[in-house]
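So you can see what is in the structure, the chains are spelled out below.
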Amino acid sequence: MAKIKLEYIWLDGYFPTQNMRSKTKVEEHEDFKGTIEELSNWSFDGSSTRQASGDSSDCLLKPVAIYPDPARVNGYLVMTEVLNADGTPHISNGRATIEDEDSDFWFGFEQEYFIMDTKTQLPLGFPIGGYPAPQGMYYCSVGGKNTHGRGLVEEHADLCIEAGLNFEGINQEVASGQWEFQLFAKGAKKAGDEIWIARYLLDRLTEQYGYYIEYHPKPLGKDMDWNGSGMHANFSNSVLRTCGSKETYEKICEAFRPVVKEHIAVYGEFNDQRLTGDHETASINDFSYGVSDRGASIRIPIITVENGWKGWLEDRRPASNGDPYKIAGRIIKTVKSANIS
């Protein structure tokens, strides 16, 4: 018999930006295979996470994905959904709203973030009381003058790969101390699971460095001449992957036009500070799409066009602090509404 450490991870009830919470359950198993079927539901105090009242505080955690925890002996990371005491999805449970039971939708998220120093409360590379050199030399840079935080970023990449996430890459972004990682998954729910597990591993790792991660889309202030942080959502379904039709792509893009507000509502808090029409963004009040256009709301990748209009689309509007479950759920709903019969 072996003691197994199960880290149950969930999203709390704070609105509009939810936070990760977790606690460890130690179980004794004779031959643990690391599968969802071997796990049971667990409960927590929802009154401490804005998910229940004190006089009826129990909420349930339903395991939905499990990954090896590379930082623990006999450890596993368990992504969960929050349920009410009667077993119905909690109102904070965005994963339960995704209409993609056949995993026809594929998502690739590009997660941008700032690494912050806990002592200075500033991004790495920022001097106290001033600013580093303007953006330009930081993007995909190398060397101690312009590159800050690589040790953390490399260790995080290794942890994600060891955990079995479909981790696809890293790069420094355009501002000092700003980085990005990319994940891809077949199935919207799985894509969301893996982003949240990757965020958990990143946040937990900062505890060893004296850093913290800032997911605010414009942490340096809306008036600063720096790019903000986004979480670009690359998506496709069988239609986009196989149609070979410019007209079909345009119809799907046009389906997004009348529901701009519905998308922005779930694309992340403070996104109005980032989506200004500058710094490779479209205005939060407009909608546009175009081939290879990084200033559009939705970019049609040139590879998709060169492949005979078979591929994917990129929604560039989601903010870095957005919930991938809610983002994917809204995208799927809009794509399915397109009149492409």
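Under an unreviewed UniProt entry, the name given to the chain is glutamine synthetase, and the organism recorded is Lacinutrix venerupis. Under the UniProt heading Sequence similarities (unreviewed entry), the note attached to the chain is "Belongs to the glutamine synthetase family." In the Catalytic activity (unreviewed entry) part of its UniProt record, the chain is described as follows: "L-glutamate + NH4(+) + ATP = L-glutamine + ADP + phosphate + H(+)".

### Focus on the sheet that holds strand 3 (residues 42-45)
With respect to topology, five strands assemble into an open sheet ordered 2-1-5-4-3, the strand pairing being mixed. Edge positions in the sheet fall to strand 2 (20-29) and strand 3, since each has one partner strand and no second. Neighbour-to-neighbour, the strand axes of this sheet turn through a mean angle of 40°, independent of strand direction. Summarising the sheet, strand 3 and strand 4 (residues 58-68) pair through four bridges and their orientation is antiparallel. Note that in strand 4 the partner of S43 across the bridge is L60. Strands in contact with helix 2 (residues 188-206) are strand 1 (2-11), strand 2, strand 4 and strand 5 (75-83); relative to strand 5, the strand with the most contacts, it is inclined by about 120°.

### Re the pairing of strand 7 (residues 167-172)
Where strand 7 lies against strand 8 (residues 178-186), five bridges are found, and the strand directions are antiparallel. Note that in strand 8 the partner of I170 across the bridge is F181. Hairpin connection of strand 7 to strand 8: five residues between the antiparallel strands, including G177 at a positive phi of 80°.

### Some words on the environment of F32
Looking at where F32 falls in the secondary structure, it is placed in the loop between strand 2 and strand 3. Given a relative accessible area of 12%, F32 falls into the buried group. The residues touching F32, leaving out its near neighbours within four places in the chain, are I4, L6, E38, L39, I66 and Y76.

### Topic: helix 7 (residues 324-337)
Taking 1.5 Å of rise per residue, the 14 residues of helix 7 would be expected to cover 20 Å, and the 20 Å separating its terminal C-alpha atoms lies within 8% of that figure. Across the 14 residues of helix 7, ten count as buried, placing the element largely inside the fold. Inspection of helix 7 places P324, Y325, I327, A328, G329, R330, I331, I332, T334 and V335 among the buried residues, and these make up the whole buried set.

### Observations concerning the side chain of Q273
Within the secondary structure, Q273 is located in the loop between helix 5 (260-264) and strand 11 (289-291). Residue contacts for Q273: discarding those within four places in its chain leaves H216, K218 and K222.

### Here we look at the environment of A71
Here A71 lies in the loop between strand 4 and strand 5. Among the residues examined, A71 registers a relative accessible area of 51% and is labelled exposed. Separated by 92 residues in the primary sequence, A71 and A163 place their C-alpha atoms 9.3 Å from one another.

### A closer look at the nonpolar core
Counting 65 residues, the largest nonpolar core has M79, F107, Y113, L165, L313 and I331 as its most contacted members. At ten residues, helix 2 tops the list of elements feeding residues into this core. With sequence-adjacent residues up to four places away left out, M79 is seen in contact with I9, L11, K62, P63, V64, A65, D193, W196, I197 and Y325. Ranked by size, the runner-up nonpolar core spans 13 residues in total, among them F32, L39, L61 and Y76.

Definitions and cut-offs
- Residues numbered from 1 in each chain as written.
- Predicted model: local features only at pLDDT ≥ 70, side-chain atom pairs only at ≥ 80, totals over all residues.
- Heavy atoms only, no water.
- UniProt positions renumbered as here; feature names shortened; annotations may be inferred.
- Pairing = 2+ DSSP bridges.
- Helix = DSSP H or I, 4+ residues; strand = E, 2+ residues; numbered from the N terminus.
- Axes fitted to C-alpha atoms, helices over the stretch in contact; angles between N-to-C directions.
- Contact = heavy atoms within 4.5 Å.
- Buried < 20%, exposed > 50% of the residue type's maximum accessible area, 1.4 Å probe, protein only.
- Expected span 1.5 Å × (residues − 1).
- Core = buried A, V, L, I, M, F, W, Y, C linked by side-chain atoms within 4.5 Å.

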